[in-house]
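Coordinates in review
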Amino acid sequence: MKPITARIIPILAHARQPNAARPHRFMPVSQQRSLAGFYPAWIKWLAWGAFAWAFAGWLNETWFYGYASPIWLNRYTEYALILIFGLWRIRAEKNPYTRKRLIWLVANVTVLWWLIPWLYPFIEPYVGYIAGLPAFPSLHTPGTLTFFLVLIAVFLFGRRVICGWNCPCVAIREVVGFPYRHADHVPRGDGAWRWRHLKWLWFALYLGAMWAVTRPANNTTSAYLGFFGLMIGLPYFISFLLAPWVGNRSYCRFLCPYGATFGLLNRVGLFRIDYQAESCIECGLCIKVCVMNIPVWEMGKQNHGQVDSTECMGCGRCVTECPTKSLAFHDARNLLLPSLHQDRDHLRQASDWRRPLVALKGVAYVTLLVGLLGAAAYTYSQVGTLAELPARMGALCGLPVLSW
Ligand code: SF4
Ligand code: SF4
Ligand code: SF4
């Protein structure tokens, strides 16, 4: 058995080989596309500095308490950075489907993950005991209402409902971490592909956390949940700082227990990518654009026309870039509409804002987010947090006040 360093170094070296022999041509920062570009040092340092700043915000709020958690140095600092870099990234993105996904992603993180929990902190209905009260939306916290809704959505539409369109972790990696998508930074190939199994270790820890939240609070469960939080938070932020060596999506690829959970539902649920061997010219573009390093067309060929992977986060880059339209998304909608074929043309057309239906859907979604924000503000001004609601209702009805 080789020592672990002897296994890692060739993987990292492999990532550098293909481009080492030829000079790099820098890509303008106003242009970003599915095939990762190579960017000058200043843009990489800017991205790394933003990553470090997000880490500093989390450290300040979690451990150091050096400042009274202002927005520029608390856990929401990360989301403010996502908004700033996201606007730039959306403007620069050339793939229409990815641009649409980024708009959704940045809007979701800004409203659902930043503004509502920060300005109007609610407590969600949940089952079991949770050491720290969750704030909407707590889709990673087992037992909360959001968690169960998300599990159902992932079963129906795949991991992309979270890992593609609604996770701050992927958002910061997509918008701040884009200079580190290039092969010079991303471990690729068979060796790196095998390291995906590492995340099952974190998944086992997550199962322990799921068990702990259903137990009554005691020293053991509280200590375990604290340990689990550390095992999630530290690797999450440290992977930011290691982006120049392990790429922008290393946490999602190798460590994330939530991604593993959603990935299992990807496998047993209704989502997959259909592959047509007859039209495929084996150009390999689908593999090159995949940030999760999935051997897309090879898996489709071996698996009788189905790319059904726990790793696929449904970004759609492979489907929208396939020159022969040999790939297509498949999910719950195909049960209702068997003729629906979500291939390159379909996804690109569904991202064209000049089409009335696409524009209408965009307006409806913006209205929904603004409505949620307004409803949160109104409810908060009237009854405070949901934790206060039972007490207030009890007082109004002359009933004994409930303790939450
Ligand atoms: S794998 Fe984990 S960190 Fe990555 S997008 Fe999915 S839930 Fe977020
Ligand atoms: S991009 Fe399309 S044509 Fe090229 S290898 Fe992948 S599936 Fe085949
Ligand atoms: S297989 Fe395709 S949709 Fe899935 S992560 Fe890779 S590029 Fe994205």
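Source: prediction; values computed, not measured.

**Focus: the overall build of the protein**
When its secondary structure is counted, the protein shows 20 helices and three strands. A burial count over the protein gives 39% of its 404 residues as buried. Look at the contacts in the protein between residues 6 or more apart in sequence, and 68% of them connect residues 24 or more apart.

**Some details on the site of ligand 1**
By nearness alone, every residue bordering ligand 1 is listed as Ile 162, Cys 163, Cys 167, Cys 169, Val 170, Tyr 251, Cys 252, Cys 256, Tyr 258, Gly 259 and Met 313. Elements supplying a minimum of two residues to the shell around ligand 1: helix H6 (160-164), helix H7 (168-175), helix H12 (250-255) and helix H13 (257-268).

**A look at the pairing of strand S1 (residues 272-275)**
The pairing of S1 with strand S3 (residues 327-330) spans four bridges and is antiparallel. Following the sheet pairing, Arg 272 is matched in S3 by His 330. Pairing of S1 with strand S2 (residues 306-307) involves two bridges; the strand directions are antiparallel. By the bridge assignment, Ile 273 is partnered in S2 with Val 307.

**Re the site of ligand 3**
As a structural note, the neighbourhood of ligand 3 is formed by Val 289, Cys 290, Met 292, Ile 294, Val 296, Cys 312, Met 313, Gly 314, Cys 315, Gly 316, Arg 317 and Cys 318. Classifying every residue of the shell around ligand 3 gives nine nonpolar, two polar and one charged.

**Structural notes on the nonpolar core**
Within soluble globular proteins, side chains that are nonpolar generally end up buried alongside one another. Formed by 83 residues in total, the largest nonpolar core has its most connected members in Ile 82, Val 106, Ala 171 and Val 175. Once residues lying within four places of it in the same chain are set aside, the contact partners of Val 175 are Ile 82, Phe 85, Gly 86, Arg 89, Leu 102 and Val 106.

**Quick notes on the packing of helix H9 (residues 199-213) against helix H10 (residues 219-241)**
One can describe the packing of H9 onto H10 by two numbers: an axis separation of 10 Å at closest approach and a directional angle of 145°. Here H9 runs over H10; the crossing is left-handed. Contacts from Leu 205, Gly 208, Ala 209 and Ala 212 in H9 reach Thr 221, Tyr 224, Leu 225, Phe 228 and Met 231 in H10. Residues of the contact of H9 with H10, tallied by class, amount to seven nonpolar, two polar and no charged.

**Description of the confidence of the model for the protein**
Per-residue pLDDT for the protein averages 87, and the proportion of residues at 70 or more is 87%. The low-confidence segment residues 4-21 (pLDDT under 50) makes 21 contacts with residues lying over four places distant or belonging to another chain. Counted against residues more than four places away or in other chains, residues 393-397, with its pLDDT under 50, gives five contacts.

**Thoughts on the packing of helix H4 (residues 96-119) against H7**
Look at H4 against H7: their axes get within 10 Å of each other, and the N-to-C directions meet at 130°. Between H4 and H7, the angle is such that the two are oblique. The chirality of how H4 crosses H7 is left-handed. Here Leu 102, Leu 105, Val 106, Val 109 and Trp 113 of H4 come into contact with H7, specifically with Pro 168, Ala 171, Glu 174 and Val 175. Looking at the contact of H4 with H7, its residues break down into eight nonpolar, no polar and one charged.

**Section: the sheet that holds S3**
Strand pairing in a sheet relies on backbone hydrogen bonds. The paired strands run either parallel or antiparallel. Reading across from one edge, S2-S1-S3 is the order of the three strands in this open sheet, with antiparallel pairing throughout. Edge positions in the sheet fall to S2 and S3, since each of these pairs with one other strand and no more.

**Structural notes on unusual backbone geometry**
One non-glycine residue, Asn 293, lies in the positive phi region at around 65°. Topologically, Asn 293 is positioned in the loop between helix H14 (285-289) and helix H15 (296-302). Of note, His 304 is a non-glycine position whose phi angle comes to about 50°, a positive value. Turning to its location among the elements, His 304 is positioned in the loop between H15 and S2.

**Observations regarding the environment of Leu 151**
Of note, Leu 151 is situated in helix H5 (residues 145-157). Using a count of 17 C-beta atoms within 10 Å as the deciding quantity, one classes Leu 151 as partly exposed.

**Concerning the environment of Asn 60**
Counting through the fold element by element, Asn 60 comes out in helix H2 (residues 41-64). Residue Asn 60 is classed as buried on the basis of its 20 C-beta neighbours within 10 Å. Distance in space between the C-alpha atoms of Asn 60 and Arg 75 is 8.2 Å, their sequence separation being 15 residues. If sequence neighbours within four positions are ignored, Asn 60 has contacts with Gly 66, Tyr 67, Leu 73 and Asn 74.

**Comments concerning the environment of Glu 124**
With respect to the element layout, Glu 124 can be found in the loop between H4 and H5. Linking Glu 124 and Gly 143, residues 19 residues apart in sequence, is a C-alpha distance of 9.8 Å.

Conventions used here
- Counting restarts for each chain: residues are numbered from 1 in the order of the written sequence.
- Written order determines the labels here, with chains lettered from A and ligands numbered from 1.
- Per-residue local features of the predicted model are confined to residues with pLDDT of at least 70, and side-chain atom pairs are confined, for both listing and counting, to 80 or more; whole-chain, interface and lining totals are unaffected and use all residues.
- Elements are defined by DSSP. Helices are runs of H or I of four residues or more, strands are runs of E of two residues or more, and each kind is numbered from the N terminus.
- Here a residue counts as buried when 20 or more other C-beta atoms fall within 10 Å of its C-beta, as exposed when 12 or fewer do, and as partly exposed in between; the C-beta atoms come from the backbone.
- Any two residues are considered in contact once their C-beta atoms, placed from the backbone, lie within 7 Å.
- What makes a residue near a molecule or strand is its C-beta atom, placed from the backbone, lying within 6 Å of it.
- Pairing between strands requires that DSSP locate at least two bridges from one strand to the other.
- Throughout this entry, Asp, Glu, Lys and Arg are counted as charged residues, while Ala, Val, Leu, Ile, Met, Phe, Trp, Tyr, Cys and Pro are counted as nonpolar. The remaining residues, Gly among them, count as polar.
- Defined on buried residues, the nonpolar core groups Ala, Val, Leu, Ile, Met, Phe, Trp, Tyr and Cys residues joined through C-beta atoms within 7 Å.
- Note on geometry: axes are C-alpha line fits, over the in-contact stretch for helices, and angles between N-to-C directions span 0 to 180 degrees.
- A crossing counts as left-handed when the near helix is turned anticlockwise from the far one by less than a right angle, and as right-handed when that turn is clockwise.
- Values of pLDDT, which run from 0 to 100, indicate the predictor's confidence residue by residue.
- Every angle not falling under 35 degrees, over 145, or within 65 to 115 is termed oblique; those three ranges are roughly parallel, roughly antiparallel and roughly perpendicular.

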